[in-house]
Structure formats: C-alpha cells, structure tokens
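Chain by chain, the residues:
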Amino acid sequence: MPGNVSFTPIRVVANIAFQEVGKPGKYVKNLGGVVKIKVKYRQSDKEAAGKKPLILAYWNKITWEILPTIKIAAYTSPKKGGYGITLVDHWSDPPMAWGT
C-alpha cells in the first residue's frame, strides 16, 4: 500500500490490535488469513469531506497509507452516516482514520 502524502485525516476512528487467544499482551501482526474490518462513518465526516470521497487510511509512523476499501455505503437513513469495509491480512496496531 503506497503512502499518500495528500491524505487529509478528518477523524481517527480506531486503533485496533490483534492478540493471540489466551496470551494477553502477545500481539499478532500476520493474521494468517484475510480479516474484514467494517468502520462506521458519521454524517459529519461526509460533510467535512465536502465533494471528495471518504477514504480509509492508517498511520504507518511516518505517513498515512490508504487502505483498500472494498465498499463504502450509507445506512438506510443517510443522516446516521454509513460504513466502509476493508480487508487486511496483516496489522501492526496503527491508528485508522477517515479522510480525503
């Protein structure tokens, strides 16, 4: 996933860590398969984006990197916002954000 210096974060939404079952504090980076992550966005995130599309990205300790988002959809009532779905097979506990 290439870095994207033009990504502008709107809101940090998650800081996810995967831990081995029964081994508190032992974090897993290679997930051994694909994991689907569903991230909610607020209507205020869409408003902050203006006419630009919302993008999910994570912080790699140097720059924001775009996550491959396979779906972005509004809830039945768009005033409630919506969600984006990304698929990952490795993870290193970075913060994730919506932005443009």
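Placed above this text is the structure.
A short tour of the structure in this document, coming up. (Residues numbered from 1 in each chain as written. Predicted model: local features only at pLDDT ≥ 70, side-chain atom pairs only at ≥ 80, totals over all residues. Heavy atoms only, no water.)

1. As for the overall build of the protein chain
The cut-off we apply is this: Numbered from the N terminus, helices here are DSSP runs of H or I no shorter than four residues, and strands are runs of E no shorter than two. Using a 1.4 Å probe on the protein chains alone, a residue whose accessible area is under 20% of its type maximum counts as buried, one over 50% counts as exposed, and one in between counts as partly exposed. In this description, contact between two residues means that some pair of their heavy atoms is separated by no more than 4.5 Å. Under the convention used here, a 1.4 Å probe and the Shrake-Rupley method define accessible areas, while residue burial counts only the protein chains that appear. When charges are counted, neither His nor the chain ends are considered; positive counts come from Lys and Arg and negative counts from Asp and Glu. To locate a charge, take NZ of a lysine, CZ of an arginine, CG of an aspartate or CD of a glutamate.
A tally of regular secondary structure across the protein chain gives 1 helix and 7 strands. Reading the protein chain from its N end, one meets helices and strands in the order β-β-α-β-β-β-β-β. Summarising its shape, the C-alpha atoms of the protein chain cover approximately 45 × 30 × 20 Å along the three principal directions. The proportion of buried residues among the 100 residues of the protein chain is 31%. For the protein chain, restricting intrachain contacts to residue pairs at least 6 apart in sequence, the fraction spanning at least 24 positions comes to 73%. Total accessible area computed for the protein chain in this model is approximately 6400 Å², and 56% of it derives from carbon and sulfur atoms. Positive and negative side-chain charges in the protein chain, numbering 15 and 6 respectively, have mean positions lying 8 Å apart.

2. Considerations on the nonpolar core
Convention followed: Nonpolar cores are built from buried Ala, Val, Leu, Ile, Met, Phe, Trp, Tyr and Cys residues. Side-chain atoms within 4.5 Å join them into one set.
One finds V39, L56, L67, W91, M96 and W98 to be the most contacted residues of the largest nonpolar core, which totals 13 residues. Of all the secondary-structure elements, those providing two or more residues to this core are β2 (30-41), β3 (55-59) and β7 (95-99). Of all the elements, β2 adds the most residues to this core, at 3 residues. The residues contacting W91, other than those within four sequence positions of it, are I16, F18, V28, K29, Y58, L67 and M96.

3. So, the pairing of strand β6 (residues 82-90)
Heads up, the rule is: Paired strands, as defined in this entry, are two strands with at least two bridges between them according to DSSP.
Where β2 and β6 come together, 8 bridges link them in antiparallel fashion. Each bridged residue has a counterpart across the sheet, and for V39 the counterpart in β6 is G84. Relative to β6, strand β5 (residues 69-74) runs antiparallel, the two being bridged by 5 bridges. Within β6, the position partnered with A73 by the bridge is Y83.

4. Some details on the packing of aromatic side chains
For any pair of aromatic rings, the description rests on two quantities: the centre-to-centre distance and the angle between the ring planes. Convention followed: Aromatic contacts are taken between Phe, Tyr and Trp rings whose centres are within 6.5 Å, Trp giving its six-membered ring; a plane angle under 30 degrees counts as stacked, one over 60 as edge-to-face, and the others as tilted.
Inspection of every chain in the model, using the stated rule, returns 4 aromatic pairs. Between F7 and W64 the ring centres are 5.4 Å apart and the planes differ by 50 degrees, which places this aromatic pair in the tilted class. Taken together, the residues F7 in the segment before β1 (9-15) and W64 in strand β4 (residues 64-66) connect sequence positions 57 residues apart. There is no split in this pair, since F7 and W64 are both buried. When the centroid spacing of 5.4 Å and the interplanar angle of 65 degrees are considered together, the rings of W59 and W64 count as edge-to-face. When its relative accessible area of 31% is taken as the criterion, W59 is described as partly exposed. Here W64 falls in the buried class, since its relative accessible area comes to 12%. What links up through ring pairs into an aromatic cluster is the set F7, W59 and W64.

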